[in-house]
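Survey of secondary and tertiary structure
Letter by letter, the chains look like this.
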Amino acid sequence: MTFHQQLLADLVEFAPDAMLIVDASGQILYANQRVTHVFGYEREDIVNRSVDLLLPDRLRTRHAHHRRNFAQDPRTRPMGAGFELLGRRMDGSEFPLEISLSPLRDGLAAAAIRDVTDRKRVEQELIHAREAADQAREEADRANLSKSRFLATASHDLRQPLQALSMLHGTLCRVDMHPNGREVLAQQGLAIDAMKRLLSALLDISKLESGAVNPQPSQFPVRQLFELLSTEFSTAARSKGLALVVEQTDLSTCTDQSLLEQLLRNLISNAIKYTRAGTVTLRATPLGSGMQIEICDTGVGIPADQQAYIFDEFFQVGVARNTTREGYGLGLAIVQRIAKLLGLRIHVQSEVGKGSTFTLQLPRAEAVKSDCPVDTPASGNHLTRHAQSGKILVTEDEPSVLRATRLLLELEGYQVIPASSREEALLRGREHPDIDLLVSDYHLKEDQTGLNVISGVREQLARNIPAILVTGDTSSAMRKLPADRQLRLASKPVDAEELLTLIGELLNTHRAT
Ligand code: ADP
């Protein structure tokens, strides 16, 4: 045997797979060393015997069939493609195997046989793991869906009684009362405010989760938003002795303005809340072809190991679940949902005792000139309000809210014409053509909206009567409203003071013109 022949013989003899040479009748002519390892037979026990020896009894007919197929069309290929092949060891145990066949001369065939027990086991484990993961995901999705539904229903149903409560509270505050009673009322007011904040956070979350919020991107200068936020938060910062620094910027962005506003509002309010001394800074800087907005504070900071969790619902650093402190652990959950909805990246950098920086990456837009003046919130000049007069048509389909609103407005000196539907509002409009103002809930029964009520009564009386639309919808949805200087929005749950201020403003400007 030449060196090369020896090498070739060794290649077969010591191959990692069991190798057999079988003739057309299925008789084994050669077996390599590995056959012993795989099947447990000594070579002498199988050479010159039928290959059936290595198969479970029940599969022998099928194997003969495979063999005939191969003899008719001899080419290199896996045996029994698509079938699970099984082998039988000397001790009778069965195991999965793979066989590759190659035709040799004179109708002989070489078979390379591999025990795939381990591979099959791993495959099975993978399948089970995948099934378990799918099942867990389905369960989580189901749980999440029912949580969202519960959240949406509960917070929606809580809104009406809270609104009534708030109105009744506002009314009581206007009644002459013993100082002790005033103190109780003041505490009640704080509790109602806290409840309103929680409810509106829950509503925000459930709205964002339900997919009902559709971002409406537009281009706008960031300065416009910064000015708004600066006005809104300056008092809160000042009362804690903090400097609120809002850096000048000429950058413009393109995203949904009111959702971005809501996102930044949560971050700034946190920065102020978690800073005892120093500065809260709001700045926008270019970043590549985009831009970033940073909210930096010199506050308590967030431990590195907690930073991964702060965006979770109800998570508060250092506060066990079910215990309370200021806030509910929902602010950053809202921030994250809005960022996801707007496709913005948010990032936090923080060091305990030094402060935190929340960074938001946004697209940059060509500079836009803002023609419209910045919409600053109405100044609450309720102290200057004097005894009121005027006839107000209030349309509200929830009786408790209608009663509470009526009480509040009547106590303030207004004459109230109540209506619980669009039809009733039109009827009352005919009876009282001298109505000065309309207040209507947005969502009414039978698919009617407050907008229908307002336009219907205005049309009927052929006058552009000033009107207030009370709504729980997000401001971005409400942006679609037609521009109307005589129409104002009040968001639910309405604050008594806010409603009275709006009414006062609308009536005064209307009378002045
Ligand atoms: P909370 O209502 O408690 O403020 P958030 O979801 O807004 O809830 O924030 C979650 C937690 O992250 C907070 O309880 C607070 O511990 C931490 N956190 C958020 N913002 C800051 C910040 N600017 N500085 C320090 N800690 C912060």
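Residues numbered from 1 in each chain as written. Predicted model: local features only at pLDDT ≥ 70, side-chain atom pairs only at ≥ 80, totals over all residues. Heavy atoms only, no water.

**Overview of the overall build of the protein**
This is how the line gets drawn: By the criteria applied, helices consist of DSSP H or I runs no shorter than four residues and strands consist of E runs no shorter than two, each listed in order from the N terminus. Atoms considered for the radius of gyration are the C-alpha atoms alone. The globule rule reads 2.2 Å times the number of residues to the power 0.38. When a residue's accessible area, from a 1.4 Å probe over protein chains only, is under 20% of the maximum for its type it is buried; when over 50% it is exposed; and in between it is partly exposed. Two residues qualify as a contact provided that any one of their heavy atoms is within 4.5 Å of a heavy atom in the partner residue. Only four residue types enter the tally: Lys and Arg on the positive side, Asp and Glu on the negative side, with His and both chain ends excluded. Lysine's charge is taken at NZ, arginine's at CZ, aspartate's at CG and glutamate's at CD.
From N to C terminus, the protein includes 14 helices and 18 strands. Radius of gyration (C-alpha) of the protein: 39 Å, far over the 24 Å computed for a compact globule of 513 residues. Counting across all 513 residues of the protein, residues that qualify as buried make up 41%. The long-range fraction of contacts in the protein, counting pairs at least 24 apart against all pairs at least 6 apart in sequence, stands at 63%. Taking the 59 positively charged and 66 negatively charged side chains of the protein as two groups, their mean positions are separated by 1 Å.

**Quick word on the site of the ligand**
Quick note on the threshold: Put simply, a residue is near a molecule or strand once any heavy atom of it comes within 4 Å of that molecule or strand. As used in this structure description, the phrase polar contact means that two N or O atoms lie within 3.5 Å; if the pair is within protein, one of them must be able to donate a hydrogen and the other to accept it, and residues adjacent in sequence are counted only when both atoms belong to side chains. Accessibility throughout is a Shrake-Rupley quantity obtained with a 1.4 Å probe, and a residue counts as covered only by protein chains that appear here. The nonpolar class holds Ala, Val, Leu, Ile, Met, Phe, Trp, Tyr, Cys and Pro. Asp, Glu, Lys and Arg form the charged class, and all remaining residues, Gly among them, are polar.
The ligand sits among 21 residues. The nearest are Asn 270, Tyr 274, Asp 297, Gln 316 and Leu 332. Between the ligand and Tyr 274 there is a distance of 2.7 Å, counted from an oxygen atom to a side-chain nitrogen or oxygen. Between Gly 329 and the ligand, the recorded distance is 2.9 Å, taken from a backbone N or O atom to an oxygen atom. In the complex, the protein chains occlude 97% of the 530 Å² of accessible area that the ligand would expose alone. Broken down by secondary-structure element, the contributors of at least two residues to the shell around the ligand are helix H8 (257-273), helix H9 (331-342) and strand S13 (355-365). It is H8 that contributes the most residues to the shell around the ligand, three residues altogether. Looking at the shell around the ligand residue by residue, the class counts come to 11 nonpolar, seven polar and three charged.

**Structural notes on the confidence of the model for the protein**
Operational definition: The predictor's confidence in any single residue is recorded as pLDDT, a number from 0 to 100.
Per-residue confidence for the protein gives a mean pLDDT of 85, with 90% of residues at or over 70. At the level of individual helices and strands, the protein shows its lowest average pLDDT in helix H13 (residues 475-478), which scores 52, and its highest in strand S11 (residues 290-297), which scores 97. Throughout residues 369-386 the model reports pLDDT below 50, and contacts reaching past four residues in sequence, or to other chains, amount to 19 contacts.

**A word on a nonpolar patch on the surface**
To keep things clear, this is the line we draw: To count toward a patch, a residue needs a relative accessible area over 30% and no salt bridge; like charges are then connected within 9 Å, while nonpolar side chains (Val, Leu, Ile, Met, Phe, Trp, Tyr) are connected within 5 Å. Think of a salt bridge as a Lys or Arg side-chain nitrogen and an Asp or Glu carboxyl oxygen that are within 4 Å of each other.
A contiguous nonpolar surface patch, about 280 Å² in accessible area, is contributed by Leu 172, Val 175, Met 177 and Leu 411. On the secondary structure map, Val 175 appears in the loop between helix H5 (117-173) and helix H6 (179-210).

**A short note on the sheet that holds strand S17 (residues 467-471)**
Each strand in a sheet pairs with another by means of backbone hydrogen bonds, the pair being arranged parallel or else antiparallel. Basically, it comes down to this: Strands qualify as paired when DSSP identifies two bridges or more between them. To obtain an axis, a line is fitted to C-alpha atoms, over the contacting stretch when the element is a helix, and the angle between two such axes runs from 0 to 180 degrees between their N-to-C directions.
Pairing is parallel across the open sheet formed by five strands, whose spatial order is S15-S14-S16-S17-S18. Where the open sheet ends on each side, the last strands, each with one partner, are strand S15 (415-419) and strand S18 (487-491). Across the sheet, the mean angle separating the axes of adjacent strands is 20 degrees when strand polarity is ignored. One ladder, built from five bridges, connects strand S14 (residues 391-395) with S15; its direction is parallel. Pairing of Lys 391 across the sheet is with Gln 415, part of S15. With respect to the sheet, helix H10 (residues 399-411) is in contact with S14 and S15, its orientation differing from that of S15 by roughly 170 degrees.

**Focus: the domain arrangement of the protein**
So the rule is basically this: Per the annotation, domain bounds derive from an automatic or database assignment of domains.
Each assigned domain of the protein is listed with its residue range as follows: domain 1 (3-115), domain 2 (118-214 + 383-513) and domain 3 (218-367). Placing the centre of domain 1 and that of domain 2 at their C-alpha centroids yields a distance of 80 Å.

**Points about H10**
The criterion, for reference: What a helix is expected to span follows from its residue count: subtract one and scale by 1.5 Å. The directions considered for the arc run from the helix axis to the C-beta atoms.
With 13 residues, H10 extends 18 Å from end C-alpha to end C-alpha; this agrees with the ideal 18 Å at 1.5 Å per step. For H10, the set of buried residues is Val 401, Leu 402, Ala 404, Thr 405, Leu 408 and Leu 409. With its buried residues spanning 165 degrees around the axis, H10 presents them on a single face. Two residues or fewer past H10, Gly 413 is found with a positive phi of approximately 110 degrees.

**Observations concerning the pattern of salt bridges**
Within this structure, the stated rule accounts for 26 salt bridges. A salt bridge links Glu 431 to Arg 428, with the shortest nitrogen-to-oxygen separation between them at 3.0 Å. Placement of both Glu 431 and Arg 428 in helix H11 (residues 422-431) is noted, with a separation of three residues, approximately one turn of the helix. Residues joined in a network through salt bridges with shared partners are Glu 98, Arg 119 and Glu 123.

**Observations regarding the packing of H5 against H6**
Angle between the axes and distance between the axes: these two values describe a pair of packed helices. Applied cut-off: Roughly parallel means an angle under 35 degrees; roughly antiparallel means over 145; roughly perpendicular covers 65 to 115; every other angle is labelled oblique. Definitions for this section: a left-handed crossing has its near helix turned counterclockwise from the far helix by less than a right angle. A right-handed crossing has that turn clockwise.
One can describe the packing of H5 onto H6 by two numbers: an axis separation of 9 Å at closest approach and a directional angle of 155 degrees. The pairing of H5 with H6 is recorded here as roughly antiparallel in orientation. H5 and H6 meet at a crossing whose hand is left-handed.

**Quick notes on the environment of Pro 399**
If you trace the backbone, Pro 399 turns up in helix H10. Pro 399 sits in the partly exposed class, given a relative accessible area of 48%. Distance in space between the C-alpha atoms of Pro 399 and Ser 420 is 7.7 Å, their sequence separation being 21 residues.

**Quick look at the packing of aromatic side chains**
As a reminder, the rule being used: In this analysis, rings of Phe, Tyr and Trp, with Trp reduced to its six-membered ring, are considered paired at centre separations within 6.5 Å, and the interplanar angle assigns stacked below 30 degrees, edge-to-face beyond 60, and tilted for intermediate values.
According to the stated counting rule, one finds three aromatic pairs in the structure shown. Ring plane angle 45 degrees and centroid distance 5.9 Å describe the contact between Tyr 309 and Phe 315, whose orientation is recorded as tilted. Residue Tyr 309 is classed as partly exposed on the basis of its relative accessible area, which comes to 43%. Among the residues examined, Phe 315 registers a relative accessible area of 22% and is labelled partly exposed. Ring centres of Phe 311 and Phe 358 lie 6.4 Å apart, and the angle between their planes is 75 degrees; this geometry places the pair in the edge-to-face category. Linking Phe 311 in the loop between S11 and H9 with Phe 358 in strand S13, this pair joins segments that are 47 residues apart in sequence. Given the relative accessible area of 11%, Phe 311 is considered buried.

**Notes on helix H12 (residues 450-461)**
Under the 1.5 Å per step criterion, the end-to-end length of H12 is 17 Å for 12 residues, consistent within 8% with the ideal 16 Å. Residues of H12 that are buried in the fold lie against S14, H11, strand S16 (437-441), S17 and S18. Positive backbone phi, approximately 50 degrees, marks Ala 462, located one or two places after H12.

**Section: the pairing of S11**
With eight of eight residues buried, S11 is to be regarded as a mostly interior element. Taking every second residue as pointing to the same face, both faces of S11 are buried, with Gly 290, Gln 292, Glu 294 and Cys 296 on one and Met 291, Ile 293, Ile 295 and Asp 297 on the other. Sheet topology places strand S10 (residues 279-287) next to S11; eight bridges connect them, and they run antiparallel. The partner of Ala 284 across the bridge, within S11, is Ile 293. A loop of two residues connects S10 with S11, the two strands running antiparallel in sequence, and Gly 288 in this loop sits at a positive phi of about 55 degrees. In the sheet, S11 pairs with S13 via seven bridges, with the strands oriented antiparallel.

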